[in-house]
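Analysis of the macromolecular model
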Amino acid sequence: MSDTESVIAPRRGRPPVNRDEAGETVEAVVPPGYVRCRVLKAGDGKISTGEHLAGVGDLTYARNDVFNMPRPVGEELENRGLVEID
């Protein structure tokens, strides 16, 4: 495995998991004005995470990744068939 793969691999297919002080899994909080999006097959590798690796390029979300997005952007991505809003 190359250095690049070791940096990118942990992002793929792992939705965020929030834990409380006791270590119990709790439902992730969606801030007001945001929606929770899940990447569909058509969106795999097409939605930037906003991070950039020198010499590699932009990191992107993989299929089934879950993330929060401002409502208007999430709705547009859903209309384009790239995500579904939970």
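These notes cover the structure that comes with them.

About the cut-offs
Residues numbered from 1 in each chain as written. Predicted model: local features only at pLDDT ≥ 70, side-chain atom pairs only at ≥ 80, totals over all residues. Heavy atoms only, no water. Helix = DSSP H or I, 4+ residues; strand = E, 2+ residues; numbered from the N terminus. Buried < 20%, exposed > 50% of the residue type's maximum accessible area, 1.4 Å probe, protein only. Contact = heavy atoms within 4.5 Å. Areas by Shrake-Rupley, 256 points an atom, 1.4 Å probe, with all protein chains shown as cover. Salt bridge = Lys/Arg side-chain N within 4 Å of Asp/Glu carboxyl O. Polar contact = N/O pair within 3.5 Å; in protein donor to acceptor, adjacent residues only side chain to side chain.

With that settled, consider the overall build of the chain. In terms of regular secondary structure, the chain is built from two helices and seven strands. Reading the secondary structure of the chain in the N-to-C direction produces α-β-β-β-β-β-β-α-β. Looking at the chain as a whole, 23% of its 86 residues qualify as buried. Partitioning the intrachain contacts of the chain with sequence separation of at least 6 by distance along the chain shows that 58% fall at a separation of at least 24. Entry remark: accessible area of the chain is about 5,900 Å², with carbon and sulfur atoms responsible for 48%.

Moving on, we come to unusual backbone geometry. A positive phi angle, near 75°, is found at Asn64, a position not held by glycine. When you line up the elements, Asn64 lands in the loop between strand E5 (57–60) and strand E6 (66–70).

Now for the pattern of salt bridges. Taken as a whole and judged by the stated rule, the model has two salt bridges. Between Arg38 and Glu84 there is a salt bridge, with its nearest N and O atoms 2.6 Å apart. In this pair, Arg38 sits in strand E3 (residues 34–39) while Glu84 sits in strand E7 (residues 83–85), placing the two residues 46 residues apart along the sequence. Here Glu75 ties to Arg71 by a salt bridge, and the two come within 3.5 Å at their closest N and O atoms. Highlighted residues: Glu75 and Arg71, both in helix H2 (residues 71–79), separated by four residues, approximately one helical turn. The class for Arg71 is partly exposed, based on a relative accessible area of 41%.

What follows is about the environment of His52. On the secondary structure map, His52 appears in strand E4 (residues 48–53). Note on His52: relative accessible area 54%, which makes it exposed. Each residue touching His52, except ones within four places of it in the same chain, is listed here: Gly57 and Asp58. Among the polar contacts made by the side chain of His52, one reaches the side chain of Asp58 at a distance of 3.0 Å.

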